[in-house]
Amino acid sequence: MKRILIVGGANGIGLSMAKVLTSRDSTEKVFIIDKASLAEEYKEDKIESFQFDLTSEDYSIFDRFQDIDGLIITAGFGKLALFEDIDEKMIPLYFNVNTVAVIRVIKHFYYKMLSKTDFYCGVMVSIAGFMSSPFLSLYGATKAALKIFIESVNVELEKAGSSNRILNVSSGSIKGTSFNQGKTDLSVIASLADEIIEHIENKDDLFIPKYEEVFKEVLARYHKDFRAEGRHSYDYKLESGRIVKAQG
């Protein structure tokens, strides 16, 4: 990848991937689009940043990036909370940012994915899209929709004769990111960022970090008894100390 657009790259894993890419001699430009502005300490010649709210109706901003050969989407949000504690007006916002926005951005560059020219694409989804996840019910639903979309479109790309694929990166909680009101620490997530980029450039379609160490067993338990695993997930989150207030 030489010219890469990262949607959601002003912080967290997106920013970490941007910095990994700019450290390469082969990278010409990294474009960042994010609702948040890029902090001064991260600005450099190879990075060009733009502020944009993904809930906007007008997506014409993406028309100016037709010369990219890589697209990485890390935008999204979530907060650990019981469904009963989530305000109803947040429901469409969750889907608009986490699901609809991702699909709209991919649609803008889908002609590149269908072409015979190499085009690299990766999306931060979530392991929550693979299983029930109490305290993340709405977030998990948005990611489950994204998972099915990516899997379906990848088959369409294959059948169309394209070698390009969308990589579904389905991780668990990532330390060092700003998710769930945390603070970005690039030193903590640099190795994961490097790993994700490698999978994108290999045109893989799925990458679950810590699969062998953690999620192989978790997914096996889930498929054996999703109710029991859901209860286990509920109790695990409570015991983790990440829940500020739990009701019910």
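These numbers come from a predicted model, not from an experiment.

> So what exactly am I meant to see when it comes to the nonpolar core here?
Note that soluble globular proteins tend to have their nonpolar side chains buried in a common cluster. Residues Leu5, Val7, Phe62, Phe65, Leu71, Phe109 and Val123 are the most contacted members of the largest nonpolar core, which totals 32 residues. At the level of elements, β1 (3-7), β2 (29-34), β4 (70-73), α2 (90-114), β5 (120-124) and α3 (137-159) are the ones that each hand at least two residues to this core. With seven residues, α2 is the largest single contributor of residues to this core. In this structure Phe65 touches Leu5, Phe31, Ile33, Phe50 and Phe109, once residues within four positions along its chain are discounted. One finds Leu38, Tyr120, Ile196 and Ile197 within the second-largest nonpolar core, a separate group that totals 28 residues.

> Can you help me understand the packing of helix α1 (residues 12-22) against helix α4 (residues 186-201) in this one?
How two helices pack is summed up by the angle between their axes together with the distance between the axes. For the pair α1 and α4, interaxial distance at closest approach is 8 Å and the crossing angle is 70°. Here α1 is positioned roughly perpendicular relative to α4, judged by the angle of their axes. Side by side, α1 and α4 meet where Gly12, Ile13, Leu15, Ser16, Met17, Lys19, Val20 and Leu21 of the first sit next to Leu186, Ile189, Ala190, Leu192, Ala193, Asp194, Ile196 and Ile197 of the second.

> Please clarify how the pattern of salt bridges should be interpreted in this entry.
Once their charged atoms are close, side chains differing in charge can pair, the charge on each being opposite to the other. Counting across every chain of the model gives 12 salt bridges. The residue Lys147 makes a salt bridge to Glu151 at a minimum N-O spacing of 3.0 Å. Residue Lys147 and its partner Glu151 are located together in helix α3, separated by four residues, close to a single helical turn. Notably, a salt bridge pairs Lys216 with Glu212, separated by 3.8 Å at the nearest N-O pair.

> Would you mind showing me how to read the pairing of β4 here?
Looking down a regular strand, the side chains alternate between one sheet face and the other. By the alternation rule, side chains of β4 split into Gly70 and Ile72 and Leu71 and Ile73, which are all buried. The pairing of β1 with β4 spans four bridges and is classified as parallel. Opposite Ile6, over in β4, you have Ile72 as the bridge partner. Where β4 meets β5, four bridges bridge the pair, whose relative direction is parallel.

> Is there a simple way to think about the packing of aromatic side chains in this case?
Any two aromatic rings considered together are summarised by their centre-to-centre distance and by the angle between their planes. Scanning the entire structure with this criterion turns up nine aromatic pairs. Measuring from ring centre to ring centre gives 5.3 Å for Phe50 and Phe65, while their planes differ by 80°; the resulting arrangement is edge-to-face. Here Phe50 is found in strand β3 (residues 47-51), whereas its partner Phe65 is found in the loop between β3 and β4, with 15 residues between them in sequence. Comparing Phe50 with Phe65, the two get one shared label, buried. Through successive ring pairs, a cluster of aromatic residues spans Phe52, Tyr59, Phe62 and Phe109. Just above the ring of Tyr59 sits the side chain of Arg104; from NZ or CZ to the centre is 3.7 Å. Above the plane of the ring of Phe130 lies Lys147, whose end atom (NZ or CZ) is 4.8 Å from the centre.

> Hey, could you run me through α4 in this one?
Owing to its 3.6 residues per turn, the α-helix brings residues three or four apart onto one side. Between its first and last C-alpha atoms α4 spans 21 Å; for 16 residues at 1.5 Å apiece the expected length is 22 Å, and the two agree. The axis of α4 is deflected most strongly, by about 25°, at Leu192. Taken as a whole, α4 has its buried residues at Leu186, Ile189, Leu192, Ala193, Ile196, Ile197, His199 and Ile200. The inward-facing, buried residues of α4 abut α1, β4, β5, β6 (166-169) and β7 (206-207). Phi for Lys203, located one or two positions after α4, is positive at around 60°.

Calculation criteria
- Residues numbered from 1 in each chain as written.
- Predicted model: local features only at pLDDT ≥ 70, side-chain atom pairs only at ≥ 80, totals over all residues.
- Heavy atoms only, no water.
- Core = buried A, V, L, I, M, F, W, Y, C linked by side-chain atoms within 4.5 Å.
- Buried < 20%, exposed > 50% of the residue type's maximum accessible area, 1.4 Å probe, protein only.
- Helix = DSSP H or I, 4+ residues; strand = E, 2+ residues; numbered from the N terminus.
- Contact = heavy atoms within 4.5 Å.
- Axes fitted to C-alpha atoms, helices over the stretch in contact; angles between N-to-C directions.
- Parallel < 35°, antiparallel > 145°, perpendicular 65-115°, else oblique.
- Salt bridge = Lys/Arg side-chain N within 4 Å of Asp/Glu carboxyl O.
- Pairing = 2+ DSSP bridges.
- Phe/Tyr/Trp six-rings, centres within 6.5 Å; stacked < 30°, edge-to-face > 60°.
- Lys NZ or Arg CZ within 6 Å of the ring centre and 35° of its normal.
- Expected span 1.5 Å × (residues − 1).
- Bend = angle between axes of the 7 residues up to and from the residue.

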